[in-house]
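Secondary and tertiary structure notes
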Amino acid sequence: MRLKAEPRFSESSPQSMLRELYEWIETAVFTIGGMLLVFSLLVRPVMVDGSSMVPTLLDRQQLVLRQIGYHEPAYGDIVVVDTPQLAEKVIIKRVIGKAGDEIDIDFERCEVRRNGELLEEPYINEPTQASFDVHFPVIVPEGHVFVMGDNRNHSKDSRSGDIGMVDLRQIMGKAVFRFLPLDQIGPI
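Notes on the structure in this doc start here.

Quick notes on the rules
Residues numbered from 1 in each chain as written. Predicted model: local features only at pLDDT ≥ 70, side-chain atom pairs only at ≥ 80, totals over all residues. Heavy atoms only, no water. Patch = residues over 30% accessible without salt bridge, like charges linked within 9 Å, V, L, I, M, F, W, Y side chains within 5 Å. Areas by Shrake-Rupley, 256 points an atom, 1.4 Å probe, with all protein chains shown as cover. Salt bridge = Lys/Arg side-chain N within 4 Å of Asp/Glu carboxyl O. Helix = DSSP H or I, 4+ residues; strand = E, 2+ residues; numbered from the N terminus. Buried < 20%, exposed > 50% of the residue type's maximum accessible area, 1.4 Å probe, protein only. Contact = heavy atoms within 4.5 Å. Pairing = 2+ DSSP bridges.

1. A short note on a nonpolar patch on the surface
Together, L18, L21, I25 and V29 line one region of the surface with nonpolar side chains, adding up to about 400 Å² of accessible area. Its place among the elements puts L21 in helix α1 (residues 14–42).

2. Describing the pattern of salt bridges
The final tally for this structure, using the stated rule, is seven salt bridges. Where D150 meets R94, a salt bridge forms, and the shortest distance between an N and an O atom there is 2.7 Å. One end of the pair, D150, is in the loop between β9 (144–148) and β10 (166–167); the other, R94, is in strand β4 (residues 89–98), with 56 residues separating them in the sequence. In this structure, the salt-bridge partner of D167 is R169, at a minimum N-O distance of 2.7 Å.

3. Notes on the environment of M148
Topologically, M148 is positioned in strand β9. M148 sits in the buried class, given a relative accessible area of 0%. Expressed as a C-alpha distance, the spacing of M148 and G76, which sit 72 residues apart in the sequence, is 9.9 Å. If near-sequence neighbours (up to four positions away) are discounted, M148 is found in contact with M53, K93, R94, I96, I105, V112, T128, S155, D157 and R159.

4. A look at the pairing of β4
With seven of 10 residues buried, β4 lies mostly within the body of the structure. Inspection of the sheet shows strand β3 (residues 78–83) paired to β4 by six bridges, in the antiparallel sense. Following the sheet pairing, T83 is matched in β4 by K89. Relative to β9, β4 is paired through four bridges, and the arrangement is antiparallel. Residue K98 lies in a different strand from β9, and its bridge partner there is V145.

Right under this line is the structure:
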């Protein structure tokens, strides 16, 4: 006796089509909801805008930020800062000083010192010569960090009163991974 294979749904009845449509919608809603949760709480994509972090980061590169659990920036971390006082709204900079640190920059000798120690900065594009309106040395206040771009002479950062010391509450997260362009994908 031969058994005949039955179709999964009987000739596309309206009930089975509605059930399948409902399952597709339900899957899409849960997928989108999960992605929104991940991207709003855990990680966040951000695009580099400008040349202030050359050579480490280039214009138009896409990064992933670590947000959740990131409360205490470390020296050298690359952070994204919300700057409502600027037209750019967010900036990407490197943490140079933390609360209580004395930052001193000698623009003639192109030297950056933290607590009297000359910083070893292999990541910068060129020696620090550009100054703005902040006078050095400065002490980083409690709850703040001092940030600078790696392209020091083409970066508006904590050396400028427009940005100044960055309140920790303005830090959106730490840049941890570059995902575009694909030929430069990898951790930062």
